[in-house]
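# Structural features, examined
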Amino acid sequence: MSKYITIPFNAVFLDTIAQKWMEEMHSQGGYPCGMVIVPNQRTVKALINSFIKVNKGKPLLLPKIISIGTIDEAGLSFNSKEELTLFPAVHPVKRLSILTSLIIQMNHELGNQIQAGEAWNLAKSLADLMDEAEWIGCDLKTALSKAVEDEYAQHWQNILKFLSIITEIWPQWLQDNQLMNPVERVIALLKTQAKSWRNSGCQDPVWVVGFADARPVIVEFLSTVVQLPRGRLIVSGLQEDLSEESWNALPVTHPYAELVKMFSALGIKRSDFQYWDHTCVQPICKERVSAFQQILLPADRLESWLINRRLVHLDQCFLIEPLNQQQEAIAIALMIRDALEIPQKRIALVTPDRNLAMRVSLELGRWGVIADDSAGEPLYKTAGTVFLNLILQACVEDFTPLSLLSLLKHPFACCGLPASLCRDYSRLLEIFILRQFAASGLSVIQAALKRKIEEIKLLDKDTLRTDIAYFFSNSSELVSLLDRLKQNVQTLLGKTTKYTVGEWVTYLARAAEQLASNQEQNGEDILWKAEEGNALAEHLRDLIVETEYIKVVTLSEFASIFRASFQGLIVHTRRALQGREVKQLHPRVYIWGLLEARLQNVDMVILGGLSEGVWPPSIDSGSWLSRPMREKMGMGLPDIEIGRTAYAFMALCCSIPEVILSSPLRQENAPVVQSRWIVRLKAWLKGRKSVIQQHPALLWTKYLDQPDGSPTPMECPSPKPLPALRPKSISITDVERWIKDPYEIYAKKILNLRKIVGLEEDRSTSIFGLIVHEGLKNVYENYSKQWTLSGIEQTLLDVLDKRQDILISYKKWWHARLLKIAHWVYQQEKSRRNSRMLPQFYLEKEGHHYFQLSAGIDFTLRGVADRIQLNTDGTVEIYDYKTGVTPACINVKNGLFPQLPLEAAMAYYGGFDKSLAEHEISKFTYWELKGGIEEGKEIHIDNIQKEGDATNLSERYWQVLQKLIIAYCDQEQPYLSRPRPHLIKEYVQTLPVFGDYKHLARFLEWGLGTGGS
């Protein structure tokens, strides 16, 4: 009986194992105790299914099937209890917490500062380094001293000193506490089991299946197994067309490199392996197997490509090259959906790209196909973990509008309310409060909410817009919501407060439970349910119990530790079910990672994300060791990972009946380099005047979600509302929009649409303008009294200090700008004050003028003037303050900026105050107040017409307004979108190319044909 078995690629590997085990056990007259050892837990489940399949569902006594990666005492068999004298393994979280504290202490001794979260990440990398060294049997203390010699830079000597944490301090701590590293304990268990078998001469069958692992402890274990009377080593298909010399010299990036090293360590050759006769065969042509073995040859063997260059046809092997990841996901989903039309056909997507796997799962949902995604998902991406991180982020950032809204809109956030009601209140807070300023702090937001409520109380309730009325009717509940939120997170507030990590976790969990509670469920029933909830609760418990070695930290430091602690944690969830029963998982569709795909079998496999950096992965020598140092230490180069993924690629391409290779051209909106294996495959086939078949799935994507018929271009919108719906009142500032973009008046006044301000949008320009306007109003109200530079400065700064919706950085900057403006204003008025020719001021004066036109049209013009000045000579001056762009005088003359002339007309007709009626308009003046390099600038717009003065200009604008009103009271006059697009560049100072309503008018569609930009 041969000890070494190989199963060809065209045989179903695990089915053949099950069949041969049952045949051999049957020939022995029964099913004695036995053991099958496989590389990973997924293979355990698959092998169990193979036994059931081969036995046609009948009951049978299975051998003990264990995974070497999750081995423990329960999975092995020992002859005596004396062999189980191993110390327990240190808890992974405890190990990281102790290493973190040691790293912080070491940095302090070296005079460096390090954040707690960074220290935790470094601890994780140190733990990984220890595990890797233990697997290959490398003594770090001895090897590091040899690797870091005098020729290396001084910083490597410092790293060596830093690494004394894991070469001296940590081993001593383990010994003192009678604990072991997890990997060290697994190795000890394997060695103990091997020793037990050698001593007892185990007579039971023991098969090691599917291994390609040359790590010393694995080799020692396999060697012991094959020396047992009924021990066997079974591997998947070997390549026979390589000479023994080439076979033994394969580079580490070759698919068989690890297998070669394992054979060498075991002292065996390919000729020692016997092929098993098999009945579980699949229709895979040998030409395809040979092709993929050829394209993966090492560089020094590529001359063999020139041999036998006959035409090649890779049967049932296809390629797609999508433009991007989204098209790739859609194409893969379509291929899966198409394959499901064939009864009993099983399909698997294999990819290391979890983003692609998620996209495919979502696309399959459109047909109700729920794939069994066995690779799991990172724990930090689950809903509960995201919720906890949002709470921490909001508290650390002192509740900025974005962080607060992100928290309140999470599905778990309820604050004791029904979830739908909490979401409704969150939208009200968002629109009326959180989008109106960019300052932070719950107290500031609460104050802004109360101020908004007081402002609405002063308005006429019968004339309130529907949305404002709804906000006001729920105002008390909104106040209560913020109060409840503040109360729930009270223990997490305080930037300088320090607690232990365990205490912070406890406070965070309590706050999360309170915030998640609603009228039907307690927060704990929401947060800790299902697989992801249980995994999260277990991790929090570990953080509470196992982090006592980290000293007290601030909330910000804890947040960085908390986020770092989820690195590498995977949970197998059923979130893809979205509330459906487990039985609704499709029994014939799978999504596997590379580890899960090993030794598996389906009828069709799609290899997705074939690009450099994904498949094969990017290679990194690690945070601590360079490549030369690794070679000196005998640690091996990280390139071996390329060989392992190449083996998975080759095995899948050679053992599955139908193979589809997917290689996107772009990822994350950037071009990518195709996987080297795809490039090699194309080159090999080109040398044989052949090509790989293109799968038609990309063509299918072009017809998905497409409307019937060809697209028709949009015409310019031409709404013609009834005259009764057209506005009978307009503000002076809207007249400019009416002239330049009538559609905006239609959307704003008739459709009653308002732009929602962007969240944390930079509104600094408008806020600064409001401060300057309010400040100057307060200054001129005291104009006839005390007038000093210090008084003007203090008046402007008082307005700035009252604003709570301004970031501290802006306040400091604007403080200097306001002082400059104050100095300029003081100088402007100084001569007038000295001459005692004090005018009468009308400041921030609201006004309206009702008038009737000859066509029987009633209309009202409204406006607010920054400053109207009635001089002692009886003339009127109109002032406008500009903290931004000031209109050019020529554009005011040409009729593009009607604000000041129409304000003058309203003043002349008594719209602002009866005392101003029929006074001559002497000047239009802009004050440009930016507070920059120039303190200010005064720009007069008078005497700009040869035939008249400012009064005549005002009257001309008044006539234009009347014509505009009459025209738009006509049923046939449409509200066109930017009817003069050729003038848009001229208007750019006040009319942005991308206006608030441009997307509604679809200007970019129809404007292309009319000269629009």
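Preceding this section is the structure that the text describes.
These numbers were taken from a predicted model, which means no experiment stands behind them.

It is worth spelling out the overall build of the protein at this point. Along the protein, the regular secondary structure elements total 40 helices and 25 strands. Relative to the 2.2 N^0.38 estimate, which gives 31 Å for 1013 residues, the radius of gyration of the protein is 39 Å and therefore markedly larger than a compact globule would have. Seen along its three principal axes, the alpha-carbon backbone of the protein occupies a region of about 120 × 70 × 65 Å. When each of the 1013 residues of the protein is scored for burial, the buried share is 52%. Of all intrachain contacts in the protein linking residues separated by at least 6 positions in sequence, the fraction that spans at least 24 positions is 78%.

The next subject is the packing of helix α15 (residues 383-396) against helix α16 (residues 401-408). Where α15 contacts α16, the axes come no closer than 9 Å and their chain directions differ by 155°. The orientation of α15 relative to α16 falls into the category roughly antiparallel. In the packing of α15 onto α16, the handedness of the crossing is left-handed. Taking contact as the criterion, the partners of Phe387, Leu390, Ile391, Gln393 and Ala394 in α15 are, on α16, Ser403, Ser406 and Leu407.

On to the nonpolar core. Ranked by internal contacts, the top residues of the largest apolar core, which has 105 residues, are Phe387, Ile391 and Phe558. For this core, the element with the most residues is helix α21 (residues 501-516), which contributes 10 residues. If we ignore the near neighbours within four places in the chain, the residues touching Ile391 are Leu407, Val489, Leu492, Leu508, Ala512 and Leu515. Counting 83 residues, the second-largest nonpolar core is a separate cluster that includes Phe9, Trp135, Val226 and Leu314.

This paragraph deals with the sheet that holds strand β14 (residues 589-592). One open sheet accounts for 7 strands, arranged β9-β14-β8-β15-β16-β7-β19; its pairing is parallel. Edge positions in the sheet fall to β9 (372-373) and β19 (693-694), since each of these pairs with one other strand and no more. Two elements, strand β15 (residues 604-607) and strand β16 (residues 658-662), share 4 bridges in a ladder whose sense is parallel. Bridge pairing in β16 places Met604 opposite Glu658. Seen against the sheet, helix α13 (residues 325-339) touches β7 (317-320), β8 (347-350), β14, β15 and β16 and runs at an angle of roughly 180° to β15.

A separate point is the environment of Ser443. Structurally, Ser443 is set in helix α18 (residues 442-457). According to the relative accessible area criterion, Ser443 is partly exposed, its value standing at 45%. Along the primary structure Ser443 and Phe399 are separated by 44 residues, whereas in three dimensions their C-alpha atoms are 9.5 Å apart.

Tallied over the entire structure, the rule returns 0 disulfides. With no disulfide of its own, Cys395 lies 12 Å from the sulfur of Cys415, the closest cysteine sulfur. Considering cysteine sulfurs only, Cys415 is the nearest to Cys422, which forms no disulfide, with 5.0 Å between them. By relative accessible area, which is 0% here, Cys422 ends up buried.

The subject of this paragraph is the pairing of strand β22 (residues 858-870). The two faces of a sheet get side chains in turn, since along a regular strand they alternate between them. A large share of β22 lies buried, amounting to 10 of its 13 residues. Alignment of strand β20 (residues 729-731) against β22, held across 3 bridges, turns out to be parallel. Paired with Ser729 across the two strands is Thr860, which belongs to β22. As consecutive antiparallel partners, strand β21 (residues 840-852) and β22 are separated by 5 residues, and within that stretch Gly856 has a phi angle of approximately 80°, a positive value. Of the strand pairs in this sheet, β22 and strand β23 (residues 876-882) are connected by 4 bridges, and their pairing is antiparallel. Considered in β23, the bridge of Ile868 is made with Ile878.

So, about the sheet that holds strand β3 (residues 64-67). Ordered in space as β3-β2-β4-β5-β1-β6, the 6 strands form an open sheet in which the pairing is parallel. With partners counted over all chains shown, the strands left at the sheet margins are β3 and β6 (274-275), one partner each. In this structure, strand β2 (residues 35-38) lies alongside strand β4 (residues 206-209), joined through 3 bridges in parallel fashion. Paired with Val36 across the bridge in β4 is Trp207. Of the strands in this sheet, β1 (4-7), β2, β4 and β5 (231-236) are in contact with helix α9 (residues 216-227), which crosses β5 at around 120°.

Across all of its chains, the model carries 39 aromatic pairs by this definition. Plain terms: the ring middles of Trp170 and Trp173 are 5.1 Å apart, the flat faces sit at 10° to each other, and that makes the pair stacked. In this pair, Trp170 and Trp173 are both assigned in helix α7 (residues 164-176), 3 residues apart and thus about one turn of the helix distant. You'll find Trp170 and Trp173 in the same group, each marked buried.

Here we come to empty space enclosed by the protein. If a probe the size of a water molecule is rolled over the atoms, the empty space left behind becomes visible. Counted according to the given criterion, the structure contains 2 cavities of 30 Å³ or more. Considering only enclosed or pocket space, the largest cavity measures out at about 200 Å³ in volume. What lines the largest cavity is a set of 17 residues, among which Ser236, Leu599, Gln600, Ala651 and Ser655 lie closest to the centre. Counting only elements with at least two residues in the lining of the largest cavity, the list comes to α25 (594-597) and α27 (640-655). Considering every element that reaches the lining of the largest cavity, the biggest residue donor is α27, with 5 residues. Tallied by class, residues from the lining of the largest cavity come to 12 nonpolar, 4 polar and 1 charged. The space that makes up the second largest cavity amounts to roughly 40 Å³. Lining the second largest cavity we find Val735, Ile739, Pro898, Leu902, Tyr957, Val960, Leu961 and Leu964. Residue assignment for the lining of the second largest cavity shows that the elements contributing at least two residues are α30 (732-740) and α37 (950-968). Of the residues forming the lining of the second largest cavity, the biggest block, 4 residues, is contributed by α37.

To continue, consider a nonpolar patch on the surface. On the surface, Leu751, Leu753 and Leu1000 cluster together into a nonpolar patch covering about 220 Å² of accessible area. A relative accessible area of 38% places Leu1000 in the partly exposed class.

Overall, the coordinates contain 39 salt bridges when judged by the stated rule. For the salt bridge of Glu23 with Lys20, the shortest nitrogen-to-oxygen distance reads 3.9 Å. Here the residue Glu23 and the residue Lys20 both occupy positions in helix α1 (residues 13-27), the gap between them amounting to 3 residues, near one helical turn. Here Glu321 ties to Lys682 by a salt bridge, and the two come within 2.5 Å at their closest N and O atoms. Placement of the pair is Glu321 in the loop between β7 and α13 and Lys682 in helix α28 (residues 676-686), with a sequence separation of 361 residues.

Rules of the game
- Residues numbered from 1 in each chain as written.
- Predicted model: local features only at pLDDT ≥ 70, side-chain atom pairs only at ≥ 80, totals over all residues.
- Heavy atoms only, no water.
- Helix = DSSP H or I, 4+ residues; strand = E, 2+ residues; numbered from the N terminus.
- Rg over C-alpha atoms; globule rule 2.2 N^0.38 Å.
- Buried < 20%, exposed > 50% of the residue type's maximum accessible area, 1.4 Å probe, protein only.
- Contact = heavy atoms within 4.5 Å.
- Axes fitted to C-alpha atoms, helices over the stretch in contact; angles between N-to-C directions.
- Parallel < 35°, antiparallel > 145°, perpendicular 65-115°, else oblique.
- Left-handed = near helix turned anticlockwise from the far one by under 90°.
- Core = buried A, V, L, I, M, F, W, Y, C linked by side-chain atoms within 4.5 Å.
- Pairing = 2+ DSSP bridges.
- Disulfide = S-S within 2.5 Å.
- Phe/Tyr/Trp six-rings, centres within 6.5 Å; stacked < 30°, edge-to-face > 60°.
- 1 Å grid on protein atoms, 1.4 Å probe; cavity = no way out; pocket = protein on both sides within 12 Å on 5 of 7 lines; lining within 4 Å.
- Points joined across faces, edges and corners; volume = space filled by probe spheres on them.
- Nonpolar A, V, L, I, M, F, W, Y, C, P; charged D, E, K, R; others polar.
- Patch = residues over 30% accessible without salt bridge, like charges linked within 9 Å, V, L, I, M, F, W, Y side chains within 5 Å.
- Areas by Shrake-Rupley, 256 points an atom, 1.4 Å probe, with all protein chains shown as cover.
- Salt bridge = Lys/Arg side-chain N within 4 Å of Asp/Glu carboxyl O.

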